[in-house]
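# Coordinate inspection notes
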Amino acid sequence: MGKIILTGDRPTGRLHIGHYVGSLRRRVELQNSGEFEKIYIMIADAQALTDNFDNPEKIRQNILEVALDYLSCGLDPAKSNLFIQSQICELTELTFYYMNLVTVSRLQRNPTVKSEIQMRNFEASIPVGFFNYPISQAADITAFKATTVPVGEDQLPMIEQTREIVRKFNSIYGEVLVEPDVLLPDNQACLRLPGTDGKAKMSKSLGNCIYLADDPKEVQKKIMGMYTDPLHVQVSDPGHLEGNTVFTYLDAFCKPEHFPEFLPDYTNLDELKEHYQRGGLGDVKVKKFLNKIIQSELEPIRQRRKEYEKNIPLVYDILKQGTEAAREAASQTLSEVKAAMKINYFDDLELIRKQAEKYAE
Ligand code: TRP
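Residues numbered from 1 in each chain as written. Predicted model: local features only at pLDDT ≥ 70, side-chain atom pairs only at ≥ 80, totals over all residues. Heavy atoms only, no water.

### Things to note about a nonpolar patch on the surface
Judged by side-chain polarity, Tyr-345, Phe-346, Leu-349, Leu-351 and Ile-352 come together as a nonpolar surface patch covering roughly 580 Å² of accessible area. With respect to the element layout, Leu-349 can be found in helix H17 (residues 349-360). Exposure remark for Leu-349: the relative accessible area of 65% places this residue in the exposed category. (Patch = residues over 30% accessible without salt bridge, like charges linked within 9 Å, V, L, I, M, F, W, Y side chains within 5 Å. Areas by Shrake-Rupley, 256 points an atom, 1.4 Å probe, with all protein chains shown as cover. Salt bridge = Lys/Arg side-chain N within 4 Å of Asp/Glu carboxyl O. Helix = DSSP H or I, 4+ residues; strand = E, 2+ residues; numbered from the N terminus. Buried < 20%, exposed > 50% of the residue type's maximum accessible area, 1.4 Å probe, protein only.)

### What to know about the packing of aromatic side chains
Taken as a whole and judged by the stated rule, the model has 9 aromatic pairs. Here the aromatic rings of Tyr-40 and Phe-83 are separated by 6.4 Å at their centres, their planes lie at 85°, and the arrangement is edge-to-face. On the criterion of sequence distance, the pair formed by Tyr-40 in strand E2 (residues 36-43) and Phe-83 in strand E3 (residues 81-84) is long-range, its members being 43 residues apart. You can call Phe-83 buried: its relative accessible area is 0%. Here Tyr-98 and Phe-169 contribute two aromatic rings whose centre-to-centre distance is 6.2 Å and whose plane-to-plane angle is 75°, an arrangement assigned as edge-to-face. One end of the pair, Tyr-98, is in helix H4 (residues 89-98); the other, Phe-169, is in helix H9 (residues 156-173), with 71 residues separating them in the sequence. (Phe/Tyr/Trp six-rings, centres within 6.5 Å; stacked < 30°, edge-to-face > 60°.)

### What about the pattern of salt bridges?
Counting across every chain of the model gives 29 salt bridges. For the salt bridge of Arg-305 with Glu-65, the shortest nitrogen-to-oxygen distance reads 2.9 Å. Residue Arg-305 is found in helix H15 (residues 283-309), and its partner Glu-65 is found in helix H3 (residues 56-73); the two are separated by 240 residues along the sequence. Residues Arg-305 and Asp-69 are paired through a salt bridge, measuring 3.2 Å at the closest nitrogen-oxygen approach. On the criterion of sequence distance, the pair formed by Arg-305 in helix H15 and Asp-69 in helix H3 is long-range, its members being 236 residues apart. Judged by relative accessible area, Arg-305 falls into the buried class, the value being 4%.

Written out as structure tokens, the structure is:
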């Protein structure tokens, strides 16, 4: 059987370069590798509503933003199926049956859920829908018999939870579901790109993100204002790399060919780092280099976005077609699930015949 990808994002805002290096860039590579039989990319609006149920307009608006970000990064509707989660009712149905296979205490132990509960001050009153979202995520993944789930590190507990559900389901009802593997970014710096202020995470509320849709001026301003090494006061002072956001971004974005193109005084990143640590290399020079790299990476993305922005109905049409195709696949899995669970009464002619025989005796 061929390999199948399922992954997605919550439409709670525009996507930023942390999403890009953590997942989007990789998805496009995987898409173009030809190694996958099917690729499903999901806009997880139903999941986004589990902690934004009181703000449906936000989710509604951001579906288009995320779709535009996807397409502008190079996800190609001819190769990848882009779809909207809430429009596939089979996912909700699967979730309901998987709920039988998970205990409350197991959900409580899920590290991602734990930290999100803290972040959202949900301790006192956790909405059931939110608490349940790891199970719904298992439905997302298994509905498409995904073998491969490319996500960021924060999603590891979700995939582990999915694998447990698959094993439990298959052991009780028979081998129907596929146990997925996670695919993490291979570059350490890409696992979680810090904010431009040096804080651990890019987040809209902290105002420390560089968005894929930012114009060149905004990007430059954000890069030139980035957090570096507070001890590196004079150019001649030795600089530190640890916690130095500019160098973390270089680790995530810099390729050897950027040196001859943008900074020919150095041949590679190690040399640049070495000079910085020794002293005599100013932050501004490094930031300018980073700016050139990021601009060159974002430019084709911006161009594609502009094209799609001229044809918004087309974007919705892409989502609609992707959703229809995804729904067919999910529906097939749901039929198999229901047959395995023996809740396919009307399709099971054998059942009807046997029951009739029993009463005929
Ligand atoms: N939880 C993911 C996020 O917060 C989004 C998501 C929903 C997802 N369902 C998924 C990711 C299934 C991978 C597979 O970004």
